[in-house]
Amino acid sequence: MSRAPSRGTVVIDAARCKGCELCIPACPPRVLRMSARRNASGYLLPELLEGCTGCGACLLVCPDFCFEVYQLDAPDAAKTTGGIA
Amino acid sequence: MTASTERRLMEGSEAIAEAAIAAGCRFFSGYPMTPFTELLEHFARRLPEEGGACINAESELEAIGQAWGAAATGARAATGSTGQGLSLMQESMSEITRAEIPIVVFNMARGQGDYYQATRGGGHGDYRHIVLAPESVGEAVRITQEAFHLADRWRHPVLIYGDYLIAHTAEAVSIEPIDFATKDPLPPKDWAVDGRLGGTGRSRNVNPIGMEKGSKGIDPNRFWQALSDKEDRIAAAEQRWEAIGTEDAELLIVAFGTLARFARAAIRDLRAEGLRVGLFRPISLWPFPSEALVRAAAGCRRVACLEQNAGQMIDDVRLALLGSVPVVPIGGISTDPAGFGIGALLDAERIAGRARDAYHGREVPRGVVA
Amino acid sequence: MSGDRDAEGVGAGDPLRVVPTDAPPSGACRRKGSFTPSLTLMGEHDLCPGCGEPLALRQILDSIEALGQAQRAIGVVGIGCYTALTSLMDVDLIQALHGRAPSVATGAKRMRPECLLFTLQGDGDMVNEGLQEVIHTAARGENVTCILLNNGVFGETGGHMTATTVLGQRTKNSIEGRDARLHGHPILIGDLLARLDGTAYVARASVHDAAGVARTRRFLDRAFTSQLKGQGFSFVEILTMCPTGWFIPTAEGPGYLDRELGAVHEVGELKKDGVLVER
């Protein structure tokens, strides 16, 4: 699934994130994963992979209002991995 | 049936309810308890007729909570009980005072044993609320109306210290609506919530801890100090008392509420015997009229503190006088078998006897006045 | 870490492209959801990582706005961790004492019947301290909506047993797990209130996953609508995560909520239009 074109994307307010990781299992296409980056408060941050559908589940489950969700008018073909069916 | 200004015989409970309605009170909530119950009955009957609401609360805790909510929306609201019920209300009384919400609370007390509860805040924390003690139904009618004005003027609760006799005595009164606001205009209730500022960035939070929208954290020091400063201003402005025959008095009797009426009759008899006795009647129990008491006691040999309890107001009398003149208690615990405060002390002759003892420097009997 | 979750569906050797998330997309797009609900002044708060209460708050505020009640809503807030969220909420509020929000809401509604009155209370607040208040407010059919944030603990004091704590749940004052012989049984407040004639709408939801959050929103919409129709008392109980008060890792919060609390305090609509729902 993570090789599907991104139909949506998110903006993450990294400063406000508390690294609770609730967004990870909430994402239906499983395109959120924890990164190794930390914010100024020391919390580990999530990162987004290709294949977001813009469903907004992450926004619903984030306790710190860290997500802004967009749906792309055209699937972002340029962001898919190349050449693998 | 709307309130009539015609003078007629009215039981105190009814007169007080009518006075509150004349002052614009449109919300009341209460729980039955003697001798407060009839006040609830009258509000229950009359408020719906005036487009208001009266709730039979499930306990005194909810009675004051409901009055809190009503007052927070800007309505003139009241509740009440007797001393025990007031005890239950104290956490809310404290917080309502901090939230600067105007309400009027009636203690139809069982005697005078609730003086400490009324004047020392009664609940947790640093606060006092304004306490007014009428001595008659007629005075209660005026004080009730003034209480709503003062509560709005200061954004502060006002407690009215009534009792069984005021509740159940019928006097000929007329409930004339008194206009306080023309001479003392009230600020608009911008702080009250009505929903309308939702979503504007200026919505309100009527709260007792200094929470502010749009910022984390609170500053209780600043918030509580501001309340204390306001109470200092109230204390300077709202002292009320009556002084009779104090100019030449050698003995000054200090008494409040219904008991003061009996003291008046006693003093009349003592004066007729040639004893120079005066009466100082605090009408505001908080702020206690200390400076006026000092002036009234000037030249007296002795001050006799007359109260129907084990000795509570005497603390404030002694604090005011600071040892400048001896203070002796001439009251005591005195109630009826049901504990409603109809004690043997409520007798002009008995009071005169005790005052006579104090006047002549004789030992005044201590203990139960039966 | 969740490293093991990111390899699904990708064949060996595929690079996983990380998408930048620090700015909105440059191409043509529609914003589907903003950071904070519009009835909020800011998003910063000091509640714990993984706390479920802000999830419920978002749905409450969005529901009020969608129903056109932003300029008519008055919230009465109890005392608990959620009290701190009042700084964020851009609706008129009255701060009440622990357990005492229903009576304050009652007085306010009687004087402002045109307003949408709701309470926001935790389980310690509503079901311990304020049990009498909420029951009588419901029995009288007061036309207000009481909202319960139920995480089965007193969160603000550090994780102590409440009337809704489930049997076996460890808290600081039931450290071996709630034992019926020592600590009695939990109170299922939604079920209790549904049986009172004054209640019109009663529902219980849970924010342990996105579907649960969406369901929470639907129940809130129905509860507020019930108040707007003047049907009587409405009640929404929202189960929320409290990993701190449950002494579990944050990421295990949703699973614990669904499994442990959800098994006892069952999600669903218990009463609609004044009629008990067959369950």
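The rules behind these values
Residues numbered from 1 in each chain as written. Chains lettered and ligands numbered in written order. Predicted model: local features only at pLDDT ≥ 70, side-chain atom pairs only at ≥ 80, totals over all residues. Helix = DSSP H or I, 4+ residues; strand = E, 2+ residues; numbered from the N terminus. Buried ≥ 20, exposed ≤ 12 C-beta atoms within 10 Å, placed from the backbone. Contact = placed C-beta atoms within 7 Å. Domains from an automatic or database assignment. Nonpolar A, V, L, I, M, F, W, Y, C, P; charged D, E, K, R; others polar. Axes fitted to C-alpha atoms, helices over the stretch in contact; angles between N-to-C directions. Parallel < 35°, antiparallel > 145°, perpendicular 65-115°, else oblique. Left-handed = near helix turned anticlockwise from the far one by under 90°. Pairing = 2+ DSSP bridges. Core = buried A, V, L, I, M, F, W, Y, C linked by C-beta atoms within 7 Å.

**Notes on the overall build of chain A**
Then, number 1: A count of helices and strands for chain A gives two helices and four strands.
Then, number 2: Ordered by position from the N terminus, the helices and strands of chain A form the series β-α-β-β-α-β.
Then, number 3: Taken across its 85 residues, chain A has 53% of its residues classed as buried.

**A short note on the overall build of chain B**
Then, number 1: Check the secondary structure of chain B and you find 13 helices and 15 strands.
Then, number 2: When the backbone C-alpha atoms are referred to their principal axes, chain B occupies close to 75 × 50 × 40 Å.
Then, number 3: Residues counted as buried form 55% of the 370 residues belonging to chain B.
Then, number 4: Excluding contacts between residues fewer than 6 apart, the proportion of contacts in chain B whose partners are at least 24 apart in sequence is 79%.

**Some remarks on the domain arrangement of chain B**
All names here are of chain B.
Then, number 1: Taken domain by domain, chain B holds domain 1 (1-238) and domain 2 (242-359).
Then, number 2: Taking the mean C-alpha position of each, domain 1 and domain 2 sit 28 Å from one another.
Then, number 3: Taken together, the contact between domain 1 and domain 2 spans 27 residues of the former and 24 residues of the latter.
Then, number 4: Those elements giving two or more residues to the side of domain 1 that touches domain 2 turn out to be helix H6 (115-119), strand S6 (130-132), strand S7 (158-163), helix H8 (164-168) and helix H9 (220-237).
Then, number 5: At four residues, the largest contribution of residues to the side of domain 1 that touches domain 2 is made by H6.
Then, number 6: Each residue belonging to the side of domain 1 that touches domain 2 can be placed in one class, and the counts come to 15 nonpolar, seven polar and five charged.

**Quick word on the packing of helix H10 (residues 258-272) of chain B against helix H13 (residues 348-359) of chain B**
Residues and elements named next belong to chain B.
Then, number 1: It is the contact of H10 with H13, at a shortest axis distance of 8 Å, that shows an interaxial angle of 60°. Considering their axes alone, H10 and H13 lie oblique with respect to each other. The two elements H10 and H13 meet at a crossing, and its hand is right-handed. Where H10 approaches H13, its residues Phe262, Ala263, Ala265, Ala266, Asp269 and Leu270 are matched on the opposing element by Ala348, Ile351, Ala352, Ala355 and Arg356.
Then, number 2: Considered class by class, the residues forming the contact of H10 with H13 number nine nonpolar, no polar and two charged.

**Thoughts on the interface of chain C and chain B**
Then, number 1: Listed as interface residues are 35 residues of chain C and, on the opposing side, 41 residues of chain B.
Then, number 2: Secondary structure elements with two or more residues in the side of chain C that touches chain B: strand S3 (73-77), strand S4 (92-95), helix H2 (101-111) and helix H4 (131-139) of chain C.
Then, number 3: If you tally residues by element for the side of chain C that touches chain B, the top one is H2 of chain C, at eight residues.
Then, number 4: Its residues placed into classes, the side of chain C that touches chain B shows 16 nonpolar, ten polar and nine charged.
Then, number 5: Sheet analysis places strand S9 (residues 205-206) of chain B next to S4 of chain C, joined by two bridges and oriented parallel. Bridging across to S4 of chain C, Val206 of chain B finds its partner in Ile94 of chain C.

**Some remarks on the sheet that holds strand S12 (residues 277-282) of chain B**
Residues and elements named next belong to chain B.
Then, number 1: Strand order across the open sheet formed by five strands is S10-S12-S11-S14-S15, with mixed pairing between neighbours. Either end of the sheet is taken by a strand with one partner, and the two such strands are strand S10 (241-244) and strand S15 (327-329). Along the sheet, successive strands turn relative to each other by an average axial angle of 20°, direction set aside.
Then, number 2: Contacts from H10 reach strand S11 (251-254) and S12, with the element oriented near 165° to S12.

**Considerations on the interface of chain A and chain C**
Then, number 1: Across the contact, 45 residues belong to chain A and 45 residues belong to chain C.
Then, number 2: Of all the elements, strand S4 (residues 67-76) of chain A adds the most residues to the side of chain A that touches chain C, at eight residues.
Then, number 3: Classifying every residue of the side of chain A that touches chain C gives 24 nonpolar, eight polar and 13 charged.
Then, number 4: Summarising the sheet, S4 of chain A and strand S2 (residues 29-33) of chain C pair through four bridges and their orientation is antiparallel. Each residue of the ladder has a partner; that of Gln71 of chain A, found in S2 of chain C, is Arg30 of chain C.

**Re the sheet that holds S9 of chain B**
Then, number 1: Strand order in the open sheet made by the nine strands is S9(B)-S4(C)-S3(C)-S5(C)-S6(C)-S10(C)-S9(C)-S11(C)-S12(C), with mixed pairing throughout. Edge positions in the sheet fall to S9 of chain B together with strand S12 (275-276) of chain C, since each of these pairs with one other strand and no more.
Then, number 2: Where S3 of chain C and strand S5 (residues 116-122) of chain C come together, five bridges link them in parallel fashion. Opposite Val77 of chain C, over in S5 of chain C, you have Leu120 of chain C as the bridge partner.
Then, number 3: Packing of H4 of chain C onto the sheet brings it into contact with strand S6 (145-150), strand S9 (199-206) and strand S10 (233-239) of chain C, and relative to S10 of chain C it is tilted by some 140°.

**Some points on the nonpolar core**
Then, number 1: Judged by nonpolar contacts, the single largest core of 219 residues is most densely connected at Cys58 and Val61 of chain A together with Ile103, Leu252, Ile253, Ala263 and Ala355 of chain B.
Then, number 2: Looking at which domains feed residues into this core, each of domain 1 (1-238) and domain 2 (242-359) of chain B supplies at least three.
Then, number 3: What Cys58 of chain A contacts, discounting residues up to four positions off in sequence, is Val10, Cys23, Ala26, Cys27, Leu32 and Phe67 of chain A.

**A few points about the packing of helix H3 (residues 60-72) of chain B against helix H5 (residues 90-98) of chain B**
Residues and elements named next belong to chain B.
Then, number 1: Here H3 crosses H5 at 15°, and the two axes come no closer than 9 Å. Taken together, the axes of H3 and H5 lie roughly parallel to each other. Remark: the crossing between H3 and H5 carries left-handed chirality. Residues Ile64, Gly65 and Trp68 of H3 lie in contact with H5, whose contacting residues are Ser92, Met93 and Ile96.

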